[in-house]
Amino acid sequence: MPARANFLSPSRLVLLLVAASLVAAELIPSLFGLGHPPHRFLPMLALTQVLLASACLGSFLFYLFLLPRRKVEMALVVVVGVALDAWLSSHRISYLYPTGCLLALGMGLGLASLPATLLRALTPGPDRARAVEVLALAVALPGLYIFSVFFHSVTATLNPMVYDHFAYAFDGLTGVQPSFLIAGPIEAFRPFRGLVSAVYFHLPVFMALAHIQTVLQPDRAISNPVLAFLLVGVLGGSLYDYFPAVGVKVLCGQAFPSGPWPAVPDPPRVIPAPLEFPRNCMPSMHLAWILTAHWALRGYAPTIRALGSMLVFLTFLSTFNVGCHYLIDLVVAVPFAVGIHALAMRWFPRLVGLRVGVFIFGATATLGWIALMRHRPFWALDNPALTLTALALTVLASLALEGRLARATLLAADRTSGTPASSPSSPP
């Protein structure tokens, strides 16, 4: 029985899940004619997708901070990793601007660290159990990203029609178009555009660092950031299929982001969109991911919490400028994130009821707003004041519930450890 329990450890289950997902991604296109298998697009992803490079850099950070360091092995990983990055950069320059090539550095380090981590996971010894955990973390972030590209290709094939008119119309209830008002000035100020782009594309690094912090100092951790990351990806992907939208840049074309913004279509309707654009707007996974990472660290030092709040704010801005999201995508992401956060929290028996209640609120609010936008949008569009008030209350209630979860979890942790409670920061 102990051997069976060890074999079915969470780390091994993650490894099996990632492997099964990638195998399914290879088989589904040939069996059902849906999507594109990863082996076809992976070489191009390695050269053009900064998010994948960032996920690989996160893999290196897991190796660097969570495994006992061996000087010779570390030196070899760094030398091989730097050489791989130099080789990749020499090929990326044909596809990316120099800034993009700079942001993509780190993939080589991540790729070089994987065989070193795998070797430790296969070698009997005191480091083996930790190495299996680190290997699971190291493959989870890039594995999820690769599978998500396949999943987006399937979603696009199944949903040639998109609901962007309705998302744009909901944003228009404010009397302006927030995506234009925020993205336009950022685009015009190049240094700040570079900053928000770096924040946007290095989200996997922030997720990795948040999880590393919870492993190194587990007594103050609120939740498991990587578990939240995986749940956001899996559950959020299903919502993309339910409410497919391609973003304000595709909808408005050259008018975005400098304007003037086009008028809201009258009446809004479902429209076709080119299949090469992923249907990945509602809710914003980027905002949900950074929120869950930030909330996981609410029990840590004020400096860490302040840095997390700043990253949440910059990610919020970047989702308009880089991600080309609608404001409604971000609003719905808040109850979605708090529901996921409740699922990924540390286990304390006394908090089960509170966690279940918060999850039910988050799931109900998320599905309720998306279902309303898909099936009965005119009920909301014909009552702008009521709709905007309800949306604001949804965000405020989500943040209030997250704060209650944080206080209750820290109090339970303090009771368990016998240390005095520290007050968590206020919600972002």
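Residues numbered from 1 in each chain as written. Predicted model: local features only at pLDDT ≥ 70, side-chain atom pairs only at ≥ 80, totals over all residues. Heavy atoms only, no water.

### A few points about the packing of helix H10 (residues 178–188) against helix H11 (residues 190–201)
Test applied: Only the stretch in contact is used when a helix axis is fitted, and all axes are lines through C-alpha atoms; the angle between N-to-C directions ranges over 0 to 180 degrees. Starting at the N terminus, helices and strands are each numbered in turn, a helix being any DSSP run of H or I of at least four residues and a strand any DSSP run of E of at least two. Note that the term roughly parallel is reserved for angles under 35 degrees, roughly antiparallel for angles over 145, roughly perpendicular for angles of 65 to 115, and oblique for everything else. Whether two residues are in contact is decided by their heavy atoms: any pair within 4.5 Å suffices. Classification convention: Asp, Glu, Lys, Arg as charged; Ala, Val, Leu, Ile, Met, Phe, Trp, Tyr, Cys, Pro as nonpolar; all other residues, Gly among them, as polar.
Interaxial distance between H10 and H11 falls to 5 Å at its minimum, and their mutual angle equals 115 degrees. Accordingly, the angle class assigned to the pair H10 and H11 is roughly perpendicular. Across the interface between the two elements, Ile186, Glu187 and Ala188 from H10 touch Arg190, Phe192, Arg193 and Val196 from H11. Split by residue class, the contact of H10 with H11 holds four nonpolar, no polar and three charged.

### A few points about the nonpolar core
Cut-off, in case you're wondering: Nonpolar core, defined: a set of buried Ala, Val, Leu, Ile, Met, Phe, Trp, Tyr and Cys residues in which side-chain atoms within 4.5 Å join the residues together. Note on classification: 1.4 Å probe, protein chains only; a residue is buried when its accessible area is under 20% of the maximum for its type, exposed when over 50%, partly exposed between these limits.
Core analysis: the biggest nonpolar cluster contains 106 residues, and Phe60, Phe62, Phe170, Val248, Trp289 and Ile328 have the highest contact counts within it. Element by element, the count of residues in this core is highest for helix H17 (residues 327–343), at 11 residues. Excluding residues that lie within four positions of it along the chain, Phe62 makes contacts with Leu67, Val134, Leu137, Ala138, Leu141, Ala208, His211, Ile212 and Val226. Among the nonpolar cores identified, the runner-up in size contains 18 residues, and Phe41, Leu47, Leu88 and Tyr145 belong to it.

### Some remarks on the confidence of the model for the chain
To keep it simple, the criterion reads: Confidence of the predictor at the level of single residues is given by pLDDT, which spans 0 to 100.
Scored by pLDDT, the chain comes out at a mean of 93, with 96% of its residues at no less than 70. Within the chain, the lowest mean pLDDT, 43, falls on helix H1 (residues 2–7), and the highest, 98, falls on H17. Confidence drops under a pLDDT of 50 for residues 1–7, and excluding neighbours within four residues, the segment shows two contacts in the predicted structure.

### Description of the environment of Leu22
As for its placement among the helices and strands, Leu22 is situated in helix H2 (residues 10–32). Overall, the relative accessible area of 26% leaves Leu22 in the partly exposed class. When the C-alpha atoms of Leu22 and Ile146 are compared, they prove to be 7.9 Å apart, with 124 residues separating the residues in sequence. Filtering out sequence-adjacent residues up to four positions away, Leu22 remains in contact with Gly143, Ile146 and Phe147.

### A closer look at H10
Taken together, the buried positions of H10 are occupied by Pro178, Ser179, Phe180, Ala183, Gly184 and Ile186. As for H10, its buried residues are in contact with helix H9 (164–172), H11, helix H14 (248–252), helix H16 (302–321) and H17.

### Points about the packing of aromatic side chains
Keep this limit in mind: In this scheme Phe, Tyr and Trp rings, the latter by its six-membered ring, pair at centre separations within 6.5 Å, and the angle between planes marks the pair as stacked below 30 degrees, edge-to-face above 60, and tilted otherwise.
Applying the stated rule across the entire model yields 11 aromatic pairs. Here the aromatic rings of Tyr200 and Phe201 are separated by 5.3 Å at their centres, their planes lie at 85 degrees, and the arrangement is edge-to-face. Residue class for Phe201 comes out partly exposed when judged on its relative accessible area of 21%. Residues Phe316 and Phe320 carry aromatic rings whose centres are separated by 5.3 Å and whose planes lie at 80 degrees to one another, so their mutual orientation is edge-to-face. Residue Phe316 and its partner Phe320 are both found in helix H16; the two are separated by four residues, about one turn of the helix. Following the ring pairs from residue to residue traces out a cluster consisting of Tyr163, Phe166, Phe243 and Phe378.

### With respect to the packing of helix H5 (residues 71–92) against helix H7 (residues 107–122)
So the rule is basically this: Crossings are sorted by hand: turned counterclockwise from the far helix by less than a right angle, the near helix makes the crossing left-handed, and turned clockwise it makes it right-handed.
One can describe the packing of H5 onto H7 by two numbers: an axis separation of 6 Å at closest approach and a directional angle of 145 degrees. Crossing angle aside, the handedness with which H5 passes H7 is right-handed. For the pair H5 and H7, the contacting residues are Glu73, Val77, Val78, Val80, Gly81, Val82, Leu84, Asp85, Leu88 and Arg92 in the first and Met107, Gly108, Leu109, Leu111, Ala112, Ser113, Ala116 and Arg120 in the second.

### Some remarks on H11
Here is the rule we go by: Expected helix span is computed as 1.5 Å times (number of residues minus one). The arc in question is traced by the directions running from the helix axis to the C-beta atoms.
The first and last C-alpha atoms of H11 sit 16 Å apart over 12 residues, in line with the 16 Å expected at 1.5 Å per residue. What H11 keeps buried is the set Val196, Ser197, Val199 and Tyr200. End-on view of H11: buried residues confined to an arc of 160 degrees, all on one side of the axis. Turned more than 90 degrees from where H11 packs its buried face, Arg190 and Pro191 sit exposed.

### Focus on unusual backbone geometry
Omega for the bond connecting Phe256 with Pro257 falls within 30 degrees of zero, at 5 degrees, which places this linkage in the cis form. In this fold, Pro257 is placed in the loop between H14 and strand S2 (271–272). Backbone torsion omega between Asp266 and Pro267 reads -5 degrees, so that peptide bond is classified as cis. Mapped onto the fold, Pro267 is located in the loop between H14 and S2. Its identity as a non-glycine residue notwithstanding, Cys324 has a phi of 55 degrees, on the positive side. Positionally, Cys324 belongs in the loop between H16 and H17.

### Section: the side chain of His325
Definition in use: Counted as a polar contact is a pair of N or O atoms within 3.5 Å, where, for protein atoms, one must be capable of donating a hydrogen and the other of accepting one, and residues adjacent in sequence contribute only when both atoms are in side chains.
In this fold, His325 is placed in the loop between H16 and H17. Separated by 3.0 Å, the side chains of His325 and Asp329 make a polar contact. Excluding residues that lie within four positions of it along the chain, His325 makes contacts with Ser179, Val248, Asn280, Cys281, Ser284, Thr319, Phe320 and Leu330.

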